[in-house]
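# Topology and contacts: notes
Here is what each chain is made of, one letter per residue.
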Amino acid sequence: MIVWRQHRPNNNSFLYLALRLPCNRLGLEAGQGLKGFDVVAVMERIKQVRGVVPKRIQVDNGSEFISKALDKWAYENEVTLDFSRPGKPTDNPFIESFNGSFRDECLNVNWFLSLDDAKEKIEAFKDDYNGFRPHSALSGLTPNQVLDRHLQDPNFSTLGWH
């Protein structure tokens, strides 16, 4: 997971929470101040939609990840929170790689006029990333195609979820 802040001239800022889900799928959340309970709400939505939670979540040491709310949720759902070492972004190379692409292809090419505008543009990026962009790590398939195949045949891949 990553959090990214865009500063604007009027000192408003948006935070973006990015989650790399199974099959290289992407989950994104935008807000003006994301706290631990916001991360929990995102994870609960994923749990409701997919019916599963990750076995492990790799996070940095941001306040939204070291919160009591997320710790309690992780404990109750038997999820391990795996914290990166401070100053060691290489502990989570997949999200760091995605972070660069997300900045280059979405955050740096759009001007967000409001939180709703930001959410709309980020949702469009997420839909493109998950549904239309083939990934070399997925043998040229989109994340949605891999997920569909896994749902049709659970032996298709190992997702690391329970």
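In this text, all values refer to a predicted model and were calculated from it rather than measured experimentally.

What counts as what
- Residues numbered from 1 in each chain as written.
- Predicted model: local features only at pLDDT ≥ 70, side-chain atom pairs only at ≥ 80, totals over all residues.
- Heavy atoms only, no water.
- Axes fitted to C-alpha atoms, helices over the stretch in contact; angles between N-to-C directions.
- Helix = DSSP H or I, 4+ residues; strand = E, 2+ residues; numbered from the N terminus.
- Parallel < 35°, antiparallel > 145°, perpendicular 65-115°, else oblique.
- Left-handed = near helix turned anticlockwise from the far one by under 90°.
- Contact = heavy atoms within 4.5 Å.
- Nonpolar A, V, L, I, M, F, W, Y, C, P; charged D, E, K, R; others polar.
- Core = buried A, V, L, I, M, F, W, Y, C linked by side-chain atoms within 4.5 Å.
- Buried < 20%, exposed > 50% of the residue type's maximum accessible area, 1.4 Å probe, protein only.

Viewed as axis vectors pointing N to C, helix H3 (residues 93-107) and helix H4 (residues 115-131) meet at an angle of 120 degrees, and their least axial separation amounts to 11 Å. Here H3 is positioned oblique relative to H4, judged by the angle of their axes. Regarding H3 and H4, the two cross each other, and that crossing is right-handed. Within the contact between the two elements, H3 uses Phe98, Phe102, Glu105 and Cys106 and H4 uses Lys121, Ile122, Phe125 and Tyr129. Looking at side-chain class alone, the contact of H3 with H4 contains six nonpolar, no polar and two charged residues.

To continue, consider the nonpolar core. Leu17, Met43, Ile57, Leu70 and Trp73 are the most contacted members of the largest nonpolar core, which totals 18 residues. Listed by contribution, the elements that provide at least two residues to this core are strand E2 (13-20), helix H1 (36-50), strand E4 (56-59) and helix H2 (68-76). Counting residues per element, this core draws most heavily on H1, which supplies five residues.

H2 packs onto H1 with a crossing angle of 30 degrees between their chain directions and a minimal axis gap of 7 Å. One way to sum up the angle between H1 and H2 is to call them roughly parallel. From H1, Gly36, Phe37, Val39, Val40, Met43 and Glu44 reach across to H2, where they touch Ala69, Leu70 and Trp73. In terms of residue class, the contact of H1 with H2 is made up of seven nonpolar, one polar and one charged.

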